[in-house]
Amino acid sequence: AIADTDSGVNQDSIGVYVDGNQIVVPCVEDSEVWLCEFTSDPLAEGDHEFVFLAADITGNNVTETRYYFVDSNGPVIAGTHVESIGINQMVTAMAEDSLTSISEAVFYIDGNYETPTQMEATDDEFDELFELVEGEIDITNLTSDAHWVEVKAKDEAGNWGELGDPITFYVYRQCEGF
């Protein structure tokens, strides 16, 4: 919104620039306030600069600059593998994001997407674009059979990535009494 209650806004002076390119923004007057609506194709991923220009009827100018960051894609999971650690299994994976740090990772067993298990960053802190993550698979309630695990991660912008490829692991239980 642009307003000047003294001399009024010079409508011809209103300008909007996105990343250095002037764009046409429709503005309408509503009780001495000019309301401008920016609609466009989605902005590309990354940093963007918006510059707003306006002047009043007497020639006083104002410039306002705002910065926005667009990140709409979640992290990608790669290199998932499972290994035995005593009785249980350990799942590890690489979570990768091109713009913002990884903030969280979870895994799911056998497609049970309502029960995620939290994972940890192997360096003890989620703060990088590339994080090696790990989580212990408790096999207590799993049958002696083949199972699969899927991992996904979230970035600091709040975007969850897609599930990584499912990785099969096996639970073997020895028969008691033999």
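Here the structure is shown first, and the text comes after it.
Residues numbered from 1 in each chain as written. Predicted model: local features only at pLDDT ≥ 70, side-chain atom pairs only at ≥ 80, totals over all residues. Heavy atoms only, no water.

Undergrad: Describe the pattern of salt bridges, with residues and values.
TA: Summed over the entire model, instances satisfying the criterion amount to two salt bridges. Between E64 and R66 there is a salt bridge; the shortest N-O distance is 3.1 Å. On the accessibility criterion, E64 (37% relative accessible area) is partly exposed. The class for R66 is partly exposed, based on a relative accessible area of 41%. Put simply, E104 and K154 hold a salt bridge, and the shortest N to O gap is 3.3 Å. Of this pair, E104 sits in strand β10 (residues 102–109) while K154 sits in strand β14 (residues 146–155); the two residues are 50 residues apart in sequence, bridging distant segments of the chain. According to the relative accessible area criterion, E104 is buried, its value standing at 18%. (Salt bridge = Lys/Arg side-chain N within 4 Å of Asp/Glu carboxyl O. Buried < 20%, exposed > 50% of the residue type's maximum accessible area, 1.4 Å probe, protein only. Helix = DSSP H or I, 4+ residues; strand = E, 2+ residues; numbered from the N terminus.)

Undergrad: Before we move on, can you summarise the pairing of strand β6 (residues 46–55) with the specific residues and values?
TA: Of the strand pairs in this sheet, strand β2 (residues 15–18) and β6 are connected by four bridges, and their pairing is antiparallel. Looking at the pairing, V16 lines up with F52 of β6. Here ten bridges tie β6 to strand β7 (residues 61–70), and the two strands are oriented antiparallel to one another. Within the sheet, the bridge partner assigned to H48 lies in β7 and is Y68. (Pairing = 2+ DSSP bridges.)

Undergrad: Go over the nonpolar core with me, naming the residues and quoting the values.
TA: A general feature of soluble globular proteins is that nonpolar side chains tend to end up buried together. Counting residues in hydrophobic clusters, the biggest one holds 18 residues, and the most contacted among them are F107 and I137. Secondary-structure elements contributing two or more residues to this core are β9 (88–96), β10, β13 (130–137) and β14. If one sorts the elements of this core by residue count, β10 sits on top with four residues. Among all residues touching I137, those that are not within four sequence positions of it are V82, N88, Q89, V91, F107, I109, L142, V149 and F169. (Core = buried A, V, L, I, M, F, W, Y, C linked by side-chain atoms within 4.5 Å. Contact = heavy atoms within 4.5 Å.)

Undergrad: Describe in detail the packing of aromatic side chains, supporting the description with residues and values.
TA: Counted by the stated rule, this structure contains four aromatic pairs. Judged by centre distance (5.3 Å) and plane angle (70°), the ring pair of Y108 and Y113 falls under edge-to-face. Here Y108 falls in the buried class, since its relative accessible area comes to 7%. Y113 gets classed as partly exposed once you look at its relative accessible area, which sits at 43%. Ring centres of Y170 and Y172 lie 6.2 Å apart, and the angle between their planes is 20°; this geometry places the pair in the stacked category. Y170 sits in the partly exposed class, given a relative accessible area of 46%. What links up through ring pairs into an aromatic cluster is the set F50, F52 and Y68. K152 extends its terminal NZ or CZ atom over the ring of W160, reaching a point 5.0 Å from the ring centre. (Phe/Tyr/Trp six-rings, centres within 6.5 Å; stacked < 30°, edge-to-face > 60°. Lys NZ or Arg CZ within 6 Å of the ring centre and 35° of its normal.)

Undergrad: Outline the sheet that holds β14, supporting the account with residue identities and numerical values.
TA: The antiparallel open sheet is built from four strands, whose spatial order is β11-β10-β14-β15. Each having just a single partner strand, β11 (117–118) and β15 (167–170) make up the two edges of the open sheet. As paired strands, β10 and β11 are joined by two bridges and run antiparallel to one another. Considered in β11, the bridge of V106 is made with Q118.

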